[in-house]
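Single-letter residue listing:
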Amino acid sequence: MCGFNLTQILLVSYFLVLCLASEGNAVNVGDRGQDDSVDPVIIVPGIFGSQLDGKWNKTTSPHYYCYKTVPDWTTLWLCFQSMVPKVIDCWVDNMLLNFTENSFRNRDGVETRVNDFGGTGGVEIIDKNGYYPYMKALVDGIAAIPGYEKGVNLRAAPYDFRYGANSPTGKLFLQDLRQLIEDTFEKNKGRKMSIIAHSMGNLYMLEFFKTVSSSWKKKYIKRYIAVSGVFGGSVKSIRALVSGETESIPRVLVDANAVRAFQRSFQSIYWLLPRKQLWGTDEPLVFTPDKNYTVDEYADLLDDAGFPDGREILKTLDGSLDFKDPGVDVYCIHGSDIPTAAQFRWKPKYFPDYQPNQIDGPGDGTVNKRSLELCKKFKRLKDYKVYPGIKFGEHMQILLNPDVIQYIKDVISETATSRKLKANDTELVF
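All of the points below concern the structure found in this document. Worth saying up front: this structure is predicted, and the values here are computed from it rather than measured.

Some remarks on the overall build of the protein
Of regular secondary structure, the protein possesses 15 helices and 15 strands. By residue count, 56% of the 430 residues in the protein fall in the buried class. Looking at the protein alone, contacts between residues at least 24 apart form 76% of all its contacts between residues at least 6 apart.

Right, dumping it as structure tokens:
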């Protein structure tokens, strides 16, 4: 159950569009005992990469067919049945965050939690029916290495991806992450961690490394593997806030304006906006018939898009937008040579309620090249791998790439051969 009672709605074709978009190849893993000769691994997922459960007791609902009360934990993210027209309103009402007094919280009467913190179940497959694998191929690949056991020395740190790291919920996650690392260290006879982060998980890791001392890092962290890091933001997030991001799903299936409502309520979407340090004030990212907008004009853009609260939400990001070296050994992996949103142009009468035309630039299909490449600035960068093309390096597909999985296995097993950076690889200025 996902929060509605229209059981007669069975859009099979829609399920196929979404559910079969990505497939992972599982690896059979037999029962094994713990082996203290391998370095423990902790995986930090990206935005929308953690299962979320919810229960609620509300006094109102958007429609008569939306449940006002669900006393037991049920799936909020990801629940494909909730995405169909009209029913999506029930789901959005439970996923939305309220922004009041400069802080974010669940809707009145709604409780949420992440699923399987410390295990891997909450990140392997995002929907509990198994239609949408996320980290499963990577997790099963690592688990196939002798000595690794899920939940013991192969663990994950799912989080409520609606929040940024400097929110109370985000700060609590960083505390829980530290405790998970220390607990895993103790249970594995003092073996240091390999941290694997994907997408926005890398922003969380940079914030985490700010909170711990150099001596703590030296004691607990062996290496940090950054996959598809959105280090400097992504132009794609602009469309989510202005018109709603629906990943090219036809409007007849998903109402972009309904999706926009909950995306605008997520602090994390604002955290992913392109950074001023990478995009110049003379480089428009948004074109409309009346005005163009740069990185300096996000507040005006949101005002003009009919969302004045965005101005205050942007202020909540203070302190979490700087780029600071993590102070640990880093292995950086990302895709390239894939058309990626670089600018958006709205036609007359299309702004802000209809989708814009997209002007592409280089990147991994989601994150722009200049943002992905910021990892080159890390002082202790040990290796840098780029996988070109949609099949091998696309932002999500990269997690299914057998070569990437094997490379990560080699790194954590200390059998990888580093690629030496060329002189011009370090010319990116920040």
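Some remarks on the layout of surface pockets
By volume, the second largest pocket amounts to about 350 Å³. If you trace the second largest pocket, you find 18 residues lining it, with Lys276, Val295, Tyr298, Leu314 and Leu321 closest to the centre. Elements with a minimum of two residues in the lining of the second largest pocket: helix H11 (298-304) and helix H12 (309-315). A class-by-class count of the residues in the lining of the second largest pocket yields nine nonpolar, one polar and eight charged.

Examining empty space enclosed by the protein
Summed over all chains, the structure comprises three cavities of 30 Å³ or more. Reported here for the largest cavity is a volume of approximately 60 Å³. Taken together, Leu203, Leu206, Glu207, Phe231, Trp271, Arg275, Ser320, Leu321, Asp322 and Phe323 make up the full set of residues lining the largest cavity. The biggest single contributor to the lining of the largest cavity is helix H6 (residues 201-210), with three residues. Split into classes, the residues belonging to the lining of the largest cavity amount to six nonpolar, one polar and three charged.

Here's the deal with the side chain of Ser199
Mapped onto the fold, Ser199 is located in the loop between strand E8 (193-198) and H6. Apart from the residues lying within four places of it in its own chain, the contact partners of Ser199 are Gly46, Val227, Ser228, Gly229, Val230 and His395.

Quick notes on the pattern of salt bridges
Evaluated as defined, the whole model comprises 30 salt bridges. Asp93 is paired through a salt bridge with Lys58; the nearest N and O atoms lie 2.7 Å apart. Of this pair, Asp93 sits in helix H2 (residues 87-95) while Lys58 sits in the loop between strand E2 (52-57) and strand E3 (69-77), and the two are 35 residues apart along the sequence. Of the two residues, Asp93 and Lys58, both sit in the buried class.

Focus: the sheet that holds E3
Strand order in the open sheet formed by three strands is E3-E2-E6, with antiparallel pairing between adjacent strands. This sheet does not close on itself; its edge strands, each paired only once, are E3 and strand E6 (110-114). On average, each strand axis in the sheet is inclined to that of its neighbour by 25°, with strand direction left out of account. As paired strands, E2 and E3 are joined by five bridges and run antiparallel to one another. Considered in E3, the bridge of Gly54 is made with Thr74. Across the sheet, H2 touches E2, E3 and E6, and the angle it forms with E3 is around 95°.

With respect to the packing of helix H4 (residues 136-143) against helix H15 (residues 402-412)
A pair of packed helices is captured by two measures, namely the crossing angle of their axes and the spacing between those axes. Interaxial distance between H4 and H15 falls to 10 Å at its minimum, and their mutual angle equals 40°. The orientation of H4 relative to H15 falls into the category oblique. Between H4 and H15 the crossing geometry is right-handed. The residues of H15 that touch H4, namely those facing Ala137, Leu138, Gly141 and Ile142, are Ile405, Ile408, Lys409 and Ile412. Tallied by class, residues from the contact of H4 with H15 come to six nonpolar, one polar and one charged.

Re the packing of aromatic side chains
A complete count under the given rule lists 27 aromatic pairs for this structure. A network of ring pairs unites the aromatic residues Phe48, Trp77, Trp91, Phe161, Phe262 and Phe266 as a single cluster. One Lys or Arg, Lys347, reaches over the ring of Tyr350 and ends 4.6 Å from the middle of that ring.

Brief notes about the environment of Ala156
With respect to the helices, strands and loops of the structure, Ala156 is situated in strand E7 (residues 154-156). A relative accessible area of 1% places Ala156 in the buried class. For the pair Ala156 and Val123, spaced 33 residues apart in the sequence, the C-alpha separation amounts to 7.2 Å. In this structure, Ala156 is in contact with Ile43, Phe117, Gly118, Gly119, Thr120, Val123 and Leu180, ignoring residues within four places of it in sequence.

A short note on the pairing of strand E1 (residues 41-44)
Every other side chain in a regular strand lies on the same face of the sheet, so the side chains alternate between the two faces. Of the two faces of E1, the one holding Val41 and Ile43 and the one holding Ile42 and Val44 are both buried throughout. Bridge analysis of E1 against E7 gives three bridges, and the strand direction is parallel. Residue pairing across strands places Val41 opposite Leu154, the latter belonging to E7. With four bridges connecting them, E1 and E8 associate as parallel partners. Bridge pairing in E8 places Val41 opposite Ser194.

Re the sheet that holds strand E14 (residues 357-361)
Strands sit in the order E11-E10-E13-E14 across an open sheet of four strands; the sheet is mixed. Taken across any chain shown, the strands that pair with only one partner, and hence form the sheet edges, are strand E11 (292-293) and E14. For strand E13 (residues 340-345) and E14, the ladder comprises five bridges, and the chain directions are antiparallel. Bridge pairing in E14 links Gln343 to Ile359.

Rules used throughout
Residues numbered from 1 in each chain as written. Predicted model: local features only at pLDDT ≥ 70, side-chain atom pairs only at ≥ 80, totals over all residues. Heavy atoms only, no water. Helix = DSSP H or I, 4+ residues; strand = E, 2+ residues; numbered from the N terminus. Buried < 20%, exposed > 50% of the residue type's maximum accessible area, 1.4 Å probe, protein only. Contact = heavy atoms within 4.5 Å. 1 Å grid on protein atoms, 1.4 Å probe; cavity = no way out; pocket = protein on both sides within 12 Å on 5 of 7 lines; lining within 4 Å. Points joined across faces, edges and corners; volume = space filled by probe spheres on them. Nonpolar A, V, L, I, M, F, W, Y, C, P; charged D, E, K, R; others polar. Salt bridge = Lys/Arg side-chain N within 4 Å of Asp/Glu carboxyl O. Pairing = 2+ DSSP bridges. Axes fitted to C-alpha atoms, helices over the stretch in contact; angles between N-to-C directions. Parallel < 35°, antiparallel > 145°, perpendicular 65-115°, else oblique. Left-handed = near helix turned anticlockwise from the far one by under 90°. Phe/Tyr/Trp six-rings, centres within 6.5 Å; stacked < 30°, edge-to-face > 60°. Lys NZ or Arg CZ within 6 Å of the ring centre and 35° of its normal.

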